[in-house]
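The residues making up each chain are set out below.
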Amino acid sequence: MGTGGGTRIPLWISILALAFIEIKVQAQDDEPQIKSNYVSPSSLQRQKDFPPASKSHEVTIIPPFPNTLKVKASNPSHNGRVCSTWGNFHFKTFDGDIFYFPGTCNYIFSSNCKSPYEDFNIQIRRTTVENATMITHIIMKLEGAVIELTHGSVLLDGKSVQMPYSHMGVFIERSNSYLKVSAKLGLTFLWNEQDALLVELDKKYANQTCGLCGDFNGIPISNEFISEKTKLTPIQFGNRQKMDGPTEQCADPIPPADLVNCSAEFASICETVLTSKAFTSCNALVNVQDYIETCIQDLCHCDSSMADFCMCNTFAEYSRQCAHAGGQPLNWRTSELCRMVFDDINGAGCIPRKECHCTYEGETYAPGASFSSKCRSCTCAGGEWSCVTQSCLGTCSIEGGSHISTFDEKYYSFFGDCSYVLTKLCDSNEFTVLGDIHKCGLTDTETCLKGVVVSLSGGQTSIVIQPSGSVFVNMIYTQLPFSAANVTIFRPSSFFIILQTTFGLQLQVQLLPVMQLFIDLDPSHKGQTCGLCGNFNDMQTDDFKTTSGVTEGTSAAFGNTWKTRADCPDVKNTFENPCTVSIQNDQYAQHWCGMLSDTTGPFAECHSTVNPEVYQKNCMFDTCNCEKSEDCMCAALSSYVRACAAKGVLLTGWRSKACTKYTTLCPKSLKYTYNVDSCQPTCRSLSEPDVTCSIKFVPVDGCTCINGTYMDESGKCVPASSCPCYYKGMPLSSGEVIHDNGVVCTCTYGKLSCIGEKPERVCVPPMVYIDCGNTTADMVGAGCQKSCQTLDMECYRTHCVSGCVCPHNQVLDGKGGCIAPEDCPCVHNGNSYSPGESIRVGCNNCTCRNRKWHCSDEPCLETCSVYGDGHYTTFDGKRFDFEGDCEYVLVQNYCGQQGMNQGTFRVITENIPCGTTGTTCSKSIKVFLGNYELVLSDGHSDVIQRTPGGKMPFQIRSMGIYLVVDTTVGLILMWDKKTSIFIKLSPSFQGHVCGLCGNYDGNGNNDFTTRSQSVVGNVLEFANSWKVSSSCPNANRTKDPCTANPYRKAWAQKQCSIITSEVFAKCHSQVEPNEYYQACVDDACACDTGGDCECFCTAVAAYAQACNELDICISWRTPSICPLFCDYYNPQGECEWHYKPCGAPCMKTCNNPSGNCLHELRGLEGCYPHCPKNKPYFDEETMTCVSNCGCYDNGKNYKPGMQMPSEQNCQSCECTKHGKKCEYDEYGMLTNLFLYESDALECHQLHQYVFMKSVSGQNGMMGVCKHLATMVEILKPLMI
């Protein structure tokens, strides 16, 4: 080791000293009342003779000495679990001793030596390079596996491994300049591949370790530096841990000489930083003197090039130890001192925060760089995106005849059979868009869009667009292009018709392969629309809100409210999966639809912009469902292509892989084009201006005229070659099927071939039948017959419809009869309610009056759910799947740079994987709230008080199969002790949270907001950004479990069909079961190494809980399906415990003797006791009803005879049958275990005793009260 080069102070020291003096002056100005507890060695020399107190009411606080025993923090689960070594041969043991040992041999750092089986053994070797020490070789033995680490190399059992590496509970990863080894046995190892190393152990290894880290018994000095009453020096202690190789004889280090050339300026620098305002809370928890001495030693031995490295490492180590002790160090880095953050993006080590890059869609952006996406422009600043949101068009789509996406991007499927209002202005007749959705196959789910009707200016202009491409304006066939005062219609390609209005409404009508519709609406209409397309208010959660004032629970119930004809039947929910019917169809769909998510396929370029998941699901459904599988598959692929084009990603070449026939079907004079974004040359354009050329639209594909040719008046370059059929004025292409009152007709060679007989229409009195075949042209017919559901709809008729009609001023009642409008019931989720009846919607009560629901307006708690193998639903209702093995932020209110210091809570979760597919078998959860930490793992809960003081801000109670954490800040967490987590948040947090649960602002579109505040479309990019540790590797897309384990698919589908069966029939109209069913199938396929029934049961329980939230209680468990053995808890001959599928109200428990819960939770199923009157309290530890619980203090229950925390030093307290009893005790201590001036004074006033710090026991700090007169004698041995 070097000893310095003289007594002259280098120039770099003078510069640093000036910077530190500025910091010190500033700190003193900011907080003059704070005084340092540090006393320099020279001051200590003058204080050897400790003066007695001059007055009886005064108590002198003794400063810490170099050899005094250190204060232990109140958090034994953090402080005392970490051993570290850093810098210039500095070590800190598990028990808190800091010592200097300059050994360069091979030493046991820590091992599990006192156990019959050695779980772990860690050995290290150091060397000195240019006055700085480096750890050069590490050997670890973890449950039999031998890991050898050197700079740039990792060997496992002698073989090189590629990182990240994970096997049998051992995980090795490299994150830029750090190497981390984690073992599920309870060990975490970190090495910066230079000078610093850290090991954290589970508390189960207490008093079982050996090595330089000590014995982990919670008692400093003892057994390390005092062995059998013999005092050891750090050199002697360290030499005992040497482990030479078979042929090695490594020399022991020479004890260091006294440092004579260290400037006093070094002490000033180190003291100024370590006792500054940033470390005020730390100085009371962690003895600062050892770190000041360490800092001085480092500065003495470091040359000028290493000064910042040496100091900052010691300061950082003190900050880390403070955090482990429960302290809260502030930001001690300044622009002059160690102003660095770790660059985990470019691997540049520590850099100023302002130089941090940002990431977006897998790309890296330098500070100041910007990007623009749809409705959003962002600039990189200090590692985070600063974004500005802009108003832009809303898009609603009807794809595949049943899949609807609202303006707010809520996706749902609706298998209608009527004409429906797609969108209109709620309070105006300026425009209305209708869609004719009808059955077009042999099953209820085969529905097609059969026509689009646009009504403008209160019906003055009516436009009908048919699947054939025919356009009728006010019932007159019209050739395109067409232009009137407020509307223009044209055909940019053979595949599309575009309708553009002057008030911000644009329709793109796709004709091939099947009819699909895309509606773009100007943002000036936000919050004013009604219909199947939703209300366009940027909130998906209320898109199913009807004109009656309530929000429907299912797409069928919502869709039925928007039919325009009373004689149409109400459609019901369907849970069919058409891919299970035909193996060939399923394989065909898997192959072609799988191209959408293929990372090397033709659509991969758009994955980071538009998530293909929902499009692939729709593609699978439509391909399996349609009679013409290829047409429906190609329509689904084209829907994804259009969605990408709308976001600026133009895909080409994809039809060379799939759907190639549409590129070859163009007539001779036309050619296929991938992206058409302007008007087409027409014959008409040669003689007059073409108004269509000024219209902007999302690029479309299709056949267009070859260069040099023009489109004629028919809209095509060549005449059509196939003949349609006509049915009631509606054209049908060859092969199409139409249903009408039991008659099924198919279009064959231009003629309708029908089977079945149309039943004779018999009208129930007082209704009468109107036959349009025997009426005049202006007869309205049954098309405008009103019902209670359609009473507020206008009549949008295109032709006369035969049928039964009610007498004048009466409407259909929905049951086959007629009724006066004022007697109509209210409808919710398909159920009718008479005037005056009330229902509960969410947390509000709604009463039926005049066909409308009148609801209270109480703010409701929203729920984020995580269950099974990574199935998430955010607070704003966005669903996604994500599987990762790291710790992730589930929800927190530390969001963005402005919120980092203003947050109050954080919830972190970690998946525990199992099975060959990596499925999740359990979760661990950490809740940080105030100065408390709650750890939920292995079915148990641990409460950790990170800093002293304050009441526990939450209640923990068992409710059935759930453990409920109820907080005082408006957060409720429910955990089934396995894989299901439900988090409820108060509305006061709306827009102020972030994490995997989204931002809770009602808009699910921006829920994929990353940690750097950018909104992305890729679920992996979003979820990976919320890793707690940047060193943990990113999760990758996992293989579909049923594809990986095809032998389990049939069993999974059969078991999970209970969700769509009659068992849950009462809930189907309230909660869509399809997503839960698919998640159940995935999880049941994934659990392939045991626990398969548990995966299945958890998935079904998640759907049951969603039903229970709406007061729909389903008793679905049976002796053969996921039984709960409640009788296990019943004492012999007694019957207190019973299974309750709907839960029970808040109970009186020993942890909550009042029986009053912060929030009343409904529907938590599980086993519940019925406690008799003579035993009214439920003891959650013994799971029995008791007559007396003992004592309750700060959230904890104590049985009679148990020791309880004291509120004063020199006291000990015990729980008795009559309550808490305290008495004077020489060894009594405060619960918080820290020495404050007021504590010593309090103890002195009571008994003329002073509380002194003494030896720390394994379970916490021990103290002793001694008379003031004897204190000097006690202290003398410690001052030598």
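Structure: see above.
Reading the values: the criteria
- Residues numbered from 1 in each chain as written.
- Predicted model: local features only at pLDDT ≥ 70, side-chain atom pairs only at ≥ 80, totals over all residues.
- Heavy atoms only, no water.
- Core = buried A, V, L, I, M, F, W, Y, C linked by side-chain atoms within 4.5 Å.
- Buried < 20%, exposed > 50% of the residue type's maximum accessible area, 1.4 Å probe, protein only.
- Contact = heavy atoms within 4.5 Å.
- Helix = DSSP H or I, 4+ residues; strand = E, 2+ residues; numbered from the N terminus.
- Expected span 1.5 Å × (residues − 1).
- Patch = residues over 30% accessible without salt bridge, like charges linked within 9 Å, V, L, I, M, F, W, Y side chains within 5 Å.
- Areas by Shrake-Rupley, 256 points an atom, 1.4 Å probe, with all protein chains shown as cover.
- Salt bridge = Lys/Arg side-chain N within 4 Å of Asp/Glu carboxyl O.
- Pairing = 2+ DSSP bridges.
- Axes fitted to C-alpha atoms, helices over the stretch in contact; angles between N-to-C directions.
- Disulfide = S-S within 2.5 Å.
- Lys, Arg positive; Asp, Glu negative; His and termini not counted.
- Polar contact = N/O pair within 3.5 Å; in protein donor to acceptor, adjacent residues only side chain to side chain.
- Phe/Tyr/Trp six-rings, centres within 6.5 Å; stacked < 30°, edge-to-face > 60°.
- Lys NZ or Arg CZ within 6 Å of the ring centre and 35° of its normal.
- Parallel < 35°, antiparallel > 145°, perpendicular 65-115°, else oblique.
- Left-handed = near helix turned anticlockwise from the far one by under 90°.
- Nonpolar A, V, L, I, M, F, W, Y, C, P; charged D, E, K, R; others polar.

**Here we look at the nonpolar core**
Taken as a class, soluble globular proteins show a tendency for nonpolar side chains to be buried jointly.
Working step 1: One finds Leu890, Val891, Phe905, Val907, Leu973, Ile983 and Leu985 to be the most contacted residues of the largest nonpolar core, which totals 53 residues.
Working step 2: When neighbours within four sequence positions are excluded, Leu890 is seen to be in contact with Val866, Tyr872, Val907, Ile908, Thr909, Ile981, Ile983, Cys994, Gly995, Leu996 and Cys997.
Working step 3: Counting residues in each nonpolar core, the second largest holds 52 residues, with Phe414, Leu425, Leu532 and Cys568 among its members.

**So, helix α18 (residues 1074-1086)**
Each full turn of the α-helix corresponds to 3.6 residues, which orients residues three or four apart in the same direction.
Working step 1: Over its 13 residues, α18 runs 18 Å from end to end, which matches the ideal 18 Å to within 8%, given 1.5 Å per residue.
Working step 2: Counting buried positions along α18 yields 10 of 13 residues, so the element is predominantly enclosed.
Working step 3: Every buried residue of α18 is accounted for by Tyr1076, Tyr1077, Ala1079, Cys1080, Val1081, Asp1082, Asp1083, Ala1084, Cys1085 and Ala1086.

**Focus: a nonpolar patch on the surface**
Working step 1: On the surface, a nonpolar cluster with roughly 380 Å² of combined accessible area is contributed by Phe1125, Tyr1128 and Tyr1129.
Working step 2: Along the chain, Tyr1128 turns up in the loop between α19 (1092-1109) and β67 (1137-1140).

**Things to note about the sheet that holds strand β63 (residues 954-959)**
Working step 1: Strand order across the open sheet formed by seven strands is β57-β56-β55-β66-β65-β64-β63, with antiparallel pairing between neighbours. Edge positions in the open sheet fall to β57 (879-881) and β63, since each of these has one partner strand only. Within this sheet the neighbouring strands show an average axis-to-axis angle of 15 degrees, counted without direction.
Working step 2: Examined bridge by bridge, strand β55 (residues 862-867) and strand β56 (residues 871-873) share three bridges and lie antiparallel to one another. Counterpart to Ser865 in the pairing with β56 is Thr873.

**Some details on the environment of Gly1166**
Working step 1: Locating Gly1166 in the fold gives a position in strand β68 (residues 1166-1169).
Working step 2: Classification of Gly1166 by relative accessible area gives buried; the value is 0%.
Working step 3: Taking the C-alpha atoms as reference points, Gly1166 and Ile961, 205 residues apart in sequence, are found 4.8 Å from one another.

**Let's talk about the state of the cysteines**
Working step 1: Across all of its chains, the model carries 39 disulfides by this definition.
Working step 2: Paired by a disulfide, Cys282 and Cys322 hold their sulfur atoms 2.1 Å apart. Measuring the twist about the S-S bond at about -80 degrees, one finds the Cys282-Cys322 disulfide to be left-handed. Here the residue Cys282 occupies a position in helix α5 (residues 280-283), and Cys322 occupies one in helix α7 (residues 307-324), the gap between them amounting to 40 residues.
Working step 3: Paired through a disulfide, Cys1150 and Cys1189 show a sulfur-sulfur distance of 2.1 Å. Its torsion about the S-S bond being -80 degrees, the disulfide of Cys1150 and Cys1189 is classed as left-handed. Highlighted residues: Cys1150 in the loop between β67 and β68 and Cys1189 in the loop between β70 (1184-1186) and β71 (1191-1193), separated in sequence by 39 residues. By the burial criterion, Cys1150 is buried, and Cys1189 matches it.
Working step 4: We note that Cys356 lacks a disulfide partner, and the nearest cysteine sulfur, in Cys358, lies 8.2 Å from it.
Working step 5: The class for Cys356 is buried, based on a relative accessible area of 13%.

**Observations concerning the side chain of Glu1180**
Working step 1: Inspection of the secondary structure puts Glu1180 in the loop between β69 (1177-1179) and β70.
Working step 2: Buried and unpaired, Glu1180 has no salt bridge, with Arg957 as the nearest side chain of opposite charge at 7.1 Å.
Working step 3: Engagement of the side chain of Glu1180 in a polar contact is seen with the backbone nitrogen of Ser958, the distance being 2.6 Å.
Working step 4: Apart from the residues lying within four places of it in its own chain, the contact partners of Glu1180 are Ile956, Arg957, Ser958, Thr1149 and Asn1151.

**A few points about the environment of Ala1104**
Working step 1: Of note, Ala1104 is situated in helix α19.
Working step 2: For the pair Ala1104 and Trp1116, spaced 12 residues apart in sequence, the C-alpha separation works out to 8.1 Å.
Working step 3: If we ignore the near neighbours within four places in the chain, the residues touching Ala1104 are Phe1064 and Trp1116.

**Considerations on the packing of aromatic side chains**
Working step 1: Applying the stated criterion across every chain, the model contains 51 aromatic pairs.
Working step 2: Ring geometry for Phe407 versus Phe536: centroids 5.1 Å apart, planes at 35 degrees, classification tilted. Of this pair, Phe407 sits in the loop between β25 (403-405) and β26 (411-413) while Phe536 sits in the loop between β38 (529-530) and α8 (555-560), and the two are 129 residues apart along the sequence.
Working step 3: Here the aromatic residues Trp86, Phe279, Tyr291, Phe315, Tyr318 and Trp332 are joined through ring pairs into a cluster of three or more.
Working step 4: In this structure, Lys410 packs its charged tip against the face of Phe544, placed 4.9 Å from the ring centre.

**Comments concerning the pattern of salt bridges**
If the charged atoms of two oppositely charged side chains come close together, the side chains can form a pair.
Working step 1: In this structure the tally under the stated criterion is 23 salt bridges.
Working step 2: Taking the shortest distance from any N to any O, the salt bridge between Lys242 and Asp252 comes out at 2.9 Å. In this pair, Lys242 is assigned in the loop between α3 (234-239) and α4 (264-274) and Asp252 in the loop between α3 and α4, connecting sequence segments 10 residues apart.
Working step 3: For Lys242, a relative accessible area of 23% puts it in the partly exposed group.
Working step 4: For Asp252, a relative accessible area of 38% translates into the label partly exposed.
Working step 5: Notably, a salt bridge pairs Glu630 with Lys661, separated by 3.8 Å at the nearest N-O pair. Separated by 31 residues along the polypeptide, Glu630 in helix α11 (residues 629-646) and Lys661 in helix α12 (residues 661-664) bring together distant segments of the chain.
Working step 6: Each member of the salt-bridge network shares a partner with another, and the members are Lys242, Asp244 and Asp252.

**Digging into the pairing of strand β37 (residues 516-521)**
Remember that side chains alternate between the two faces of the sheet whenever the strand is regular.
Working step 1: For β37, the tally of buried residues reaches six of six residues, placing the bulk of the element in the interior.
Working step 2: Of the strand pairs in this sheet, strand β24 (residues 394-399) and β37 are connected by five bridges, and their pairing is antiparallel. Of the residues in β37, the one forming a bridge with Thr395 is Asp520.
Working step 3: With six bridges connecting them, strand β36 (residues 505-510) and β37 associate as antiparallel partners. Within β37, the residue paired with Leu505 across the bridge is Leu521.
Working step 4: Counting the residues between successive antiparallel strands, the hairpin from β36 to β37 contains five residues.

**Some remarks on the sheet that holds strand β34 (residues 487-493)**
Working step 1: Across the sheet, eight strands lie side by side as β26-β25-β24-β37-β36-β35-β34-β33; this open sheet has antiparallel pairing. Either end of the sheet is taken by a strand with one partner, and the two such strands are β26 and β33 (482-483).
Working step 2: Examined bridge by bridge, strand β35 (residues 496-501) and β36 share five bridges and lie antiparallel to one another. Each residue of the ladder has a partner; that of Phe496, found in β36, is Gln510.
Working step 3: Helix α10 (residues 613-625) contacts β24, β25 and β26 of the sheet and is inclined by roughly 160 degrees relative to β25.
Working step 4: Strand contacts of α11: β24, β36 and β37, with the helix running at about 20 degrees to β37, the strand carrying the most contacts.

**A short note on α10**
Working step 1: For α10, spanning 13 residues, the distance from its first C-alpha to its last is 18 Å, which sits close to the expected 18 Å at 1.5 Å a residue.
Working step 2: Most of α10 sits out of view: 10 of its 13 residues are buried.
Working step 3: Every buried residue belonging to α10 is among Tyr615, Gln616, Asn618, Cys619, Met620, Phe621, Asp622, Thr623, Cys624 and Asn625, and all of these are buried.
Working step 4: In this structure, the buried side of α10 is in contact with β24, β25, β26, α9 (583-593) and α11.

**What about unusual backbone geometry?**
Working step 1: Between Leu480 and the following residue, Pro481, the backbone shows a cis peptide bond with an omega angle of 0 degrees.
Working step 2: Here Asn207, not a glycine, exhibits a phi torsion of approximately 65 degrees, which is positive.
Working step 3: Relative to the assigned elements, Asn207 resides in the loop between β14 (197-201) and β15 (226-227).
Working step 4: Residues other than glycine seldom take positive phi values, yet Asn809 does so here, at roughly 70 degrees.
Working step 5: You can see Asn809 is positioned in the loop between β47 (803-805) and β48 (811-812).
Working step 6: Accessibility expressed as a relative area gives 57% for Asn809, which makes it exposed.

**Regarding the packing of helix α16 (residues 1049-1056) against α18**
Working step 1: The N-to-C vectors of α16 and α18 enclose an angle of 140 degrees; their axes lie 8 Å apart at closest approach. Compared by their axis directions, α16 and α18 come out oblique. Crossing of α16 over α18 shows right-handed handedness. Residues Lys1049, Trp1051, Ala1052, Gln1053 and Cys1056 of α16 form the contact with α18, whose own contacting residues are Tyr1077, Cys1080, Val1081, Ala1084 and Cys1085.
Working step 2: Across the contact of α16 with α18, the residue classes tally to eight nonpolar, one polar and one charged.

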